[in-house]
Amino acid sequence: MPLKPEPKHDHGILKFPQGFLWGAATSAHQVEGNNVHNDWWAWEQGKPFDLRSGQACDQYHLYEQDFDLAKSLNHNAHRLSIEWSRIEPHEGQFNEKEIEHYKKVLKALKQRGFTVMLTLWHFTLPKWVADEGGWENGQTVKYFERFVRKIVPEIADYVDLWVTINEPGVYIYETYIARQWPNAKRSLWGQIKSFLNLASAHKKVYNFLHQSFPAGKPVGMANNILSFEPYHKHSIIEQLAVSLNDIFINHLFYFLTGKTHDFLGINYYFHVRFKHRMLLPQAVNTTAQTHDISDLGWEVFPEGIFDVLTDLSDDLPIYITECGIASTNDDRRNRFLITYLQEVARAIKVGVNVRGFFYWSLIDNFEWQMGFEPRFGLVEVDYQTQQRIIRPSAKVYAEIIARGGIPHNLMRFIGHTVTAKEVLARKSHP
Ligand code: FCB
C-alpha cells in the first residue's frame, strides 16, 4: 500500500521523539479527599474552613472518571501518588482494604493503556509518624521502608516508573524556613536531619526496588529545580549567589544519593534572579518584565526550563515530573504550554535526553497552604458538585499529543508565528 503523503500542515510541526510520555500529575492528598489519618489533615483542622482539604476532588471515588478524561485528552502516561496514612493508619497496622483500593486505581490506569509513574511519598505523613518527629526522626526512614516493602509487591505489576519521594527541598523549606506546613518549626538541626533522612530513605527504597525486582522498572525521585540567573552578567557576587543556590537547591540531593537514580525527575516552576545591593545578593522579582504571570504571582519564564534541563543533563534520562501554571485565564495556560514545550523541544535538540512531560495538574486541586483558590488544572473542578469541566487548554495539549509535537497552527495562541526551525535555532536566551 502506498504511504499516505504527509498532510501539508505537518511540515511546520515542532516534533517530539517517538515514545515520548505525555501526561499530567497529581498527588493523593491534593485530590483524593478525606485523608483523615495524616499530619496535613490534623494541621488543617486549625485553619479556616476553605483552607481544609475536606472532600478535595473526591478522586478517591471518581478516579475512573478522571482517568477516562485523561485518556480522552490523549494522555499516554499518568503520575500519581499513594497515601501512606491510608495504608498504615496506625503503626504497623496495614489496612488491606486500602491496599485493594490502590490496586484497583492502578489497574484502572493500566486498563486504559497508561504508562504509570507512581510516587511513594508526596509530602504527607501518617499522623503517628509525624507525632514521633516526622523526617527528623531516623526511625521514620525505617517506617517508610517497612511501608514500601509491604505495598510494593502488591502493586508492582501496575507501575512502570517509581518516584520514591517528591521535592525534599520544598518540604524542608516550607516546614523549617517558611514554616507554613505541618510540624513547622525553626530548627537548623531538624532541617539538616530531615534532609539527610529523606536522602537515606530514597537510597534504601531505590536499593530495595532493585534487589527485589531485579529486572525492575526505573526508579527516581522528583526534585524541584530552579533556574537561577545573575541580574548583571559580570557581577561576581551575583554569580556566586547563583552557584551556591544551584549547588544547595538543585544538586545537593543528587550529591547525597549518588548513583541511586535511573532517571532524573524534574519539577520546574521557578526562575530567580540575584541582584546585589551593597555586597548582599538578593532575589529580585522579575515578573514586571514578563508578559505573563500566574495567579500566584509566579513568573512565567519558559527559557528557565531549557536552562534547568541543560544544566542537569548527564547520561540519565529526564522526565519533567511536574510543570504547570495556576491560572483562571486559560489563554495563559495555552501560552504556557506552547512556550514551555517549545523550550523542551529545544533542549532535546541540543542533546538533552528528555523522555516525558507531566503537566501539573490534570484537575484543579487542593494547593496545600493556599487551599482551593489556585487553579492548576487542565480540567476545572466545580467543588460544589465535583463536576469536571474540560478547559480549552486541555484540548490544546491534547492536540499537541495527537500530533506528536507543536503544530504551527497553535502559534496563534502565543500571538506571533514562529517556525519549528526558528525555535530550534534560538540561542540560549532569545
Ligand atoms: C509542587 C508540588 C505539588 C504542587 C505544585 C504546584 O511543588 O510538588 O504538590 O503543589 O508544586
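A brief look at the structure comes next. (Residues numbered from 1 in each chain as written. Predicted model: local features only at pLDDT ≥ 70, side-chain atom pairs only at ≥ 80, totals over all residues. Heavy atoms only, no water.)

## A look at the overall build of the chain
The secondary structure content of the chain amounts to 14 helices and 13 strands. For 430 residues, the compact-globule estimate of 2.2 N^0.38 gives 22 Å, and the C-alpha radius of gyration of the chain, at 21 Å, lies within 12% of that figure. With the principal axes as the frame, the chain shows a C-alpha extent of 65 × 60 × 45 Å. Out of the 430 residues in the chain, the part that is buried amounts to 57%. Long-range pairs, those at least 24 residues apart, make up 77% of the contacts in the chain between residues at least 6 apart in sequence. Accessible area of the chain: about 18600 Å², with a carbon and sulfur share of 54%. Of the charged side chains in the chain, 46 are positive and 48 negative, and the gap between their average positions amounts to 3 Å. (Helix = DSSP H or I, 4+ residues; strand = E, 2+ residues; numbered from the N terminus. Rg over C-alpha atoms; globule rule 2.2 N^0.38 Å. Buried < 20%, exposed > 50% of the residue type's maximum accessible area, 1.4 Å probe, protein only. Contact = heavy atoms within 4.5 Å. Areas by Shrake-Rupley, 256 points an atom, 1.4 Å probe, with all protein chains shown as cover. Lys, Arg positive; Asp, Glu negative; His and termini not counted. Charge placed at Lys NZ, Arg CZ, Asp CG, Glu CD.)

## Quick notes on the packing of aromatic side chains
One pass over the full model with this rule turns up 36 aromatic pairs. Between Trp40 and Trp181, the ring centres sit 5.5 Å apart and the planes meet at 75 degrees, which makes this aromatic pair edge-to-face. Placement of Trp40 in helix 2 (residues 39-44) and of Trp181 in the loop between helix 8 (168-177) and helix 9 (188-212) is noted, with a sequence separation of 141 residues between them. Owing to a relative accessible area of 1%, Trp40 belongs among the buried residues under this scheme. The exposure class assigned to Trp181 is buried, which follows from its relative accessible area of 3%. Measuring from centroid to centroid gives 6.3 Å for Phe357 and Tyr397, while their planes differ by 65 degrees, and the two rings are edge-to-face. Here the residue Phe357 occupies a position in strand 10 (residues 354-360), and Tyr397 occupies one in helix 13 (residues 392-403), the gap between them amounting to 40 residues. (Phe/Tyr/Trp six-rings, centres within 6.5 Å; stacked < 30°, edge-to-face > 60°.)

## Describing the site of the ligand
Taken together, Gln30, His122, Phe123, Asn166, Glu167, Tyr269, Glu322, Trp360, Glu367, Trp368 and Phe376 make up all the residues around the ligand. Within the side chain of His122, an N or O atom sits 2.8 Å from an oxygen atom of the ligand. In the environment of the ligand, an oxygen atom lies 3.1 Å from a nitrogen or oxygen atom belonging to the side chain of Trp368. Look at the ligand: alone it shows 290 Å² of surface, and the protein chains cover 95% of it. Of the residues contributing to the shell around the ligand, the split by class is five nonpolar, three polar and three charged. (Near = heavy atom within 4 Å. Polar contact = N/O pair within 3.5 Å; in protein donor to acceptor, adjacent residues only side chain to side chain. Nonpolar A, V, L, I, M, F, W, Y, C, P; charged D, E, K, R; others polar.)

## Quick word on the nonpolar core
Within the largest apolar cluster, 114 residues are counted, with the highest numbers of intra-cluster contacts made by Trp121, Phe144, Trp162 and Leu309. When neighbours within four sequence positions are excluded, Trp121 is seen to be in contact with Trp84, Trp135, Phe144, Thr164, Ile165, Asn166, Tyr171 and Leu198. One finds Met117, Ala222, Phe263 and Tyr269 within the second-largest nonpolar core, a separate group that totals 14 residues. (Core = buried A, V, L, I, M, F, W, Y, C linked by side-chain atoms within 4.5 Å.)

## A few points about the environment of Val36
With respect to the secondary-structure elements, Val36 resides in the loop between helix 1 (28-31) and helix 2. Between the alpha carbons of Val36 and Ala70 there is a distance of 27 Å; along the sequence they are 34 residues apart.

## Some details on the packing of helix 8 against helix 9
The geometry of helix 8 relative to helix 9 is characterised by a closest axis approach of 10 Å and an angle of 160 degrees between their N-to-C directions. Relative to helix 9, the element helix 8 is oriented roughly antiparallel. Note on packing geometry: the crossing formed by helix 8 with helix 9 is right-handed. Facing Pro168, Gly169, Tyr171, Ile172, Tyr176 and Ile177 of helix 8, the residues of helix 9 in contact are Gly190, Gln191, Ser194, Phe195 and Leu198. Class assignment of the residues belonging to the contact of helix 8 with helix 9 gives a composition of seven nonpolar, four polar and no charged. (Axes fitted to C-alpha atoms, helices over the stretch in contact; angles between N-to-C directions. Parallel < 35°, antiparallel > 145°, perpendicular 65-115°, else oblique. Left-handed = near helix turned anticlockwise from the far one by under 90°.)

## A look at the side chain of His202
Examined against the element boundaries, His202 turns out to sit in helix 9. When its relative accessible area of 0% is taken as the criterion, His202 is described as buried. At a separation of 2.6 Å, a polar atom in the side chain of His202 contacts the main-chain carbonyl oxygen of Thr260. Among all residues touching His202, those that are not within four sequence positions of it are Thr164, Ile165, Gly220, Met221, Phe253, Thr257, Thr260 and His261.

## Brief notes about the pattern of salt bridges
Oppositely charged side chains may form a pair once their charged atoms are brought near each other. For the structure shown, the criterion picks out 24 salt bridges. Between Arg112 and Asp68 there is a salt bridge, with the nearest N and O atoms lying 2.6 Å from each other. Here Arg112, found in the loop between helix 5 (96-111) and strand 4 (115-121), pairs with Asp68, found in helix 3 (residues 59-72); they are 44 residues apart in sequence, far enough to count as distant. We note a salt bridge from Asp364 to Arg375, for which the minimum N-O separation is 2.7 Å. Of this pair, Asp364 sits in the loop between strand 10 and strand 11 (379-382) while Arg375 sits in the loop between strand 10 and strand 11, and the two are eleven residues apart along the sequence. (Salt bridge = Lys/Arg side-chain N within 4 Å of Asp/Glu carboxyl O.)

## Thoughts on unusual backbone geometry
Leave glycine aside and you will find that most residues have negative phi; peptide bonds, for their part, are mostly trans. Here the residue pair Trp360 and Ser361 is connected by a cis peptide bond, since its omega of 15 degrees sits within 30 degrees of zero. Inspection of the secondary structure assignment puts Ser361 in the loop between strand 10 and strand 11. In this model, Glu167 sits at a positive phi of 40 degrees, which is unusual for a non-glycine residue. Inspection of the secondary structure assignment puts Glu167 in the loop between strand 5 (161-166) and helix 8. Of note in the backbone geometry, Met278 takes a positive phi value of approximately 55 degrees without being a glycine. Of note, Met278 is situated in the loop between strand 7 (264-277) and strand 8 (280-284).

Keep in mind that these numbers describe shape and distance, not what the molecule does.
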